[in-house]
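Given next are the chains, with one letter for each unit.
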Amino acid sequence: MTKKLFEPYKLKNITLKNRIVMAPMCMYSSHNEDGKVENWHKTHYTSRAVGGVGLIIQEATSVTPQGRISPQDLGIWSDDHIEGLTELVSLIKEQGAMTGIQLAHAGRKAVLEGEILAPSAIPFNDKMKTPKEMSLGDIKETVQAFKDGAIRAKKAGFDVIEIHAAHGYLINEFLSPLSNKRSDEYGGSAENRYRFLKEIIGETKTVWDGPLLVRVSAKDYQNDGLDLEDYIEISKWMKAQGVDLIDVSSGAVVPAQIPVYPGYQVKLAEGIKHGADIPTGAVGLITTGIQAEEILQNERADLILLARELLRDPYWPRTAAIELQTELESPEQYSRAWN
Ligand SMILES: Cc1cc2nc3c(=O)[nH]c(=O)nc-3n(C[C@H](O)[C@H](O)[C@H](O)COP(=O)(O)O)c2cc1C
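Residues numbered from 1 in each chain as written. Predicted model: local features only at pLDDT ≥ 70, side-chain atom pairs only at ≥ 80, totals over all residues. Heavy atoms only, no water.

Caption draft 1: View of the overall build of the protein. In terms of regular secondary structure, the protein is built from 10 helices and 13 strands. Taking 339 residues into account, the globule formula puts the C-alpha radius of gyration at 20 Å, and the protein, at 19 Å, falls close to it. Structurally, the protein occupies a C-alpha span of about 60 × 40 × 40 Å along its principal axes. Within the protein, the fraction of its 339 residues that count as buried is 59%. Looking at the protein alone, contacts between residues at least 24 apart form 69% of all its contacts between residues at least 6 apart. Summed over all atoms, the accessible surface of the protein reaches about 13900 Å², with 49% contributed by carbon and sulfur. Each charge class in the protein was averaged separately, 38 positive and 47 negative side chains, and the resulting centres sit 1 Å apart. (Helix = DSSP H or I, 4+ residues; strand = E, 2+ residues; numbered from the N terminus. Rg over C-alpha atoms; globule rule 2.2 N^0.38 Å. Buried < 20%, exposed > 50% of the residue type's maximum accessible area, 1.4 Å probe, protein only. Contact = heavy atoms within 4.5 Å. Areas by Shrake-Rupley, 256 points an atom, 1.4 Å probe, with all protein chains shown as cover. Lys, Arg positive; Asp, Glu negative; His and termini not counted. Charge placed at Lys NZ, Arg CZ, Asp CG, Glu CD.)

See the structure below:
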């Protein structure tokens, strides 16, 4: 039987050479605190491209300076960022991987000097800053910042854009009733809490015609929070807006305990895939080729995202191929050692 993990995957107008995706992971390595690409990023991402990953999604990259999680985050809030990102994209592509970027805003989870923003003036926990409740003007500016980020991502040559709507960052804060207590058209009903993301998707699509992914936290792990059924509805709305794939994570909008075990979020990816009839990516403690292949063969998700395992093993595609007893083409330079 052919191994699905190594079959090409058509994502809108591009084709990934396999189903292996590097999940976005903040490197906090913009040491000059200007959001720019540094040598670390070039080495780190190209290593995984050499290792055979089909799509590399660059870490959460902030669309505004105060949307960074930390001062060392990568940024895309200025045209000055385009040059470094263009070089990074071209280096990754040279090694045969497709490139994606995760556009992000940290909202109330920003650990920065100065004012931080959120839908409501409620801190994440008692150790973090109380954010400012966003005015309608702040909301409009932030939607525009995502759109501008998409324009710059396109100029830099990325193949895929992923909007970060997970892990308790700004967009997730609007979606969840636990963090959104607004009484205007951006709060209250599910449709109202979706409005901010709806506008970001809508504006992004006016400037970006490539594959558009959205990462969600499909479960809040708290009473009165959102759960899979809510995200199936939200995913139907995203599908209607032309989103191509939902990258399904969970948690972190409030400090709730998450029960983790191998593949703990796969059932959420499966639920959204079948419930909303939209392709999904599965992520979270997927570490072996057999695990990945089971998810794909049983049509529980369409893509496999790996984070920490790819930090431990940049050549994970080769590791998985050996485990699944299938061949994986080596980089020419490594052919004496690969199979
Ligand atoms: C160092 C590190 C940085 C991360 N940064 C991001 C990020 O920028 N954006 C995001 O959506 N998730 C981020 N995550 C979460 C991962 O993408 C992934 O969802 C999570 O680690 C679970 O997958 P894993 O078990 O394969 O590591 C990060 C995880 C790690 C370990």
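Next comes the rest of the account.
Caption draft 2: Structural detail: the site of the ligand. Taken together, 15 residues lie near the ligand, and Pro-24, Cys-26, Gln-102, Leu-285 and Arg-308 sit nearest. At 2.8 Å from an oxygen atom of the ligand is found a main-chain nitrogen or oxygen belonging to Pro-24. Contacts to the ligand include Ala-307, whose backbone N or O atom sits 2.9 Å from an oxygen atom. Burial of the ligand by the protein amounts to 82% of the accessible area it has alone, namely 610 Å². When the residues that make up the shell around the ligand are grouped by side-chain class, the tally is 9 nonpolar, 4 polar and 2 charged. (Near = heavy atom within 4 Å. Polar contact = N/O pair within 3.5 Å; in protein donor to acceptor, adjacent residues only side chain to side chain. Nonpolar A, V, L, I, M, F, W, Y, C, P; charged D, E, K, R; others polar.)

Caption draft 3: Main features of the packing of aromatic side chains. As enumerated under the stated definition, the model contains 7 aromatic pairs in all. Measuring from centroid to centroid gives 6.4 Å for Phe-174 and Tyr-186, while their planes differ by 75°, and the two rings are edge-to-face. Placement of the pair is Phe-174 in helix 4 (residues 170-175) and Tyr-186 in the loop between helix 4 and helix 5 (190-207), with a sequence separation of 12 residues. The same class applies to Phe-174 and to Tyr-186, which are both buried. Each ring, one from Tyr-315 and one from Tyr-334, has its centre 6.3 Å from the other, and the planes form 65°; the classification is edge-to-face. Taken together, the residues Tyr-315 in the loop between helix 9 (308-312) and helix 10 (316-323) and Tyr-334 in the segment after helix 10 connect sequence positions 19 residues apart. (Phe/Tyr/Trp six-rings, centres within 6.5 Å; stacked < 30°, edge-to-face > 60°.)

Caption draft 4: Structural context of the pairing of strand 6 (residues 98-104). The element strand 6 is extensively covered by neighbouring structure, given that 6 of its 7 residues are classed as buried. Bridging between strand 4 (residues 55-62) and strand 6 involves 7 bridges; their strand directions are parallel. Each residue of the ladder has a partner; that of Ile-57, found in strand 6, is Gly-100. Pairing of strand 6 with strand 9 (residues 160-165) involves 4 bridges; the strand directions are parallel. What sits directly across from Ile-101, in strand 9, is Ile-161. (Pairing = 2+ DSSP bridges.)

Caption draft 5: Region of the structure containing helix 3 (residues 136-156). When the terminal C-alpha atoms of helix 3 are compared, their 30 Å separation across 21 residues agrees well with the 30 Å that a helix rising 1.5 Å per residue should span. Looking one or two residues past helix 3, Gly-157 carries a phi angle of roughly 95°, positive in sign. (Expected span 1.5 Å × (residues − 1).)

Caption draft 6: Local environment of the nonpolar core. Judged by nonpolar contacts, the single largest core of 80 residues is most densely connected at Leu-5, Leu-197, Met-238 and Ile-272. In terms of residues, this core owes the most to one element, helix 3, which gives 7 residues. Filtering out sequence-adjacent residues up to four positions away, Leu-5 remains in contact with Asn-18, Arg-19, Ile-20, Ala-292, Glu-293, Leu-296, Ile-304, Trp-316, Ala-320 and Leu-324. Core analysis: the second largest hydrophobic core is formed by 14 residues, Ala-23, Val-283, Leu-303 and Leu-305 among them. (Core = buried A, V, L, I, M, F, W, Y, C linked by side-chain atoms within 4.5 Å.)

Caption draft 7: Structural context of the side chain of Thr-280. Relative to the assigned elements, Thr-280 resides in strand 12 (residues 280-282). Assessed through its relative accessible area of 0%, Thr-280 is described here as buried. In this view, Thr-280 contacts Leu-245, Ile-246, Val-248, Ala-269, Ile-272, Lys-273, Arg-300, Ala-301, Asp-302 and Leu-303; residues no more than four positions away in its chain are not counted.

Caption draft 8: Seen up close, the environment of Leu-285. Among the secondary structure elements, Leu-285 is positioned in the loop between strand 12 and helix 8 (289-297). Using a relative accessible area of 30% as the deciding quantity, one classes Leu-285 as partly exposed. C-alpha separation for the pair Leu-285 and Val-260, spaced 25 residues apart in sequence, amounts to 8.1 Å. Setting aside anything within four residues of it in sequence, one finds Leu-285 in contact with Val-260, Tyr-261, Pro-262, Gly-263, Tyr-264, Gln-291 and Arg-308.

Caption draft 9: Examining the pattern of salt bridges more closely. Enumeration over the complete set of coordinates arrives at 17 salt bridges. Between Lys-239 and Asp-277 there is a salt bridge, with the nearest N and O atoms lying 3.4 Å from each other. Of this pair, Lys-239 sits in helix 6 (residues 228-240) while Asp-277 sits in the loop between helix 7 (266-275) and strand 12, and the two are 38 residues apart along the sequence. Under the relative-accessibility criterion, Lys-239 is labelled partly exposed at 37%. Where salt bridges share partners, they join Glu-162, Arg-215 and Asp-247 into one cluster. (Salt bridge = Lys/Arg side-chain N within 4 Å of Asp/Glu carboxyl O.)

Caption draft 10: Seen up close, the side chain of Ser-120. Its location among the elements puts Ser-120 in the loop between strand 7 (117-118) and strand 8 (132-133). Among the polar contacts listed, one links the side chain of Ser-120 to the backbone nitrogen of Lys-181, at a separation of 2.8 Å. Here Ser-120 is in contact with Pro-131, Glu-133, Ser-179, Asn-180, Lys-181 and Arg-182, once residues within four sequence places are set aside.

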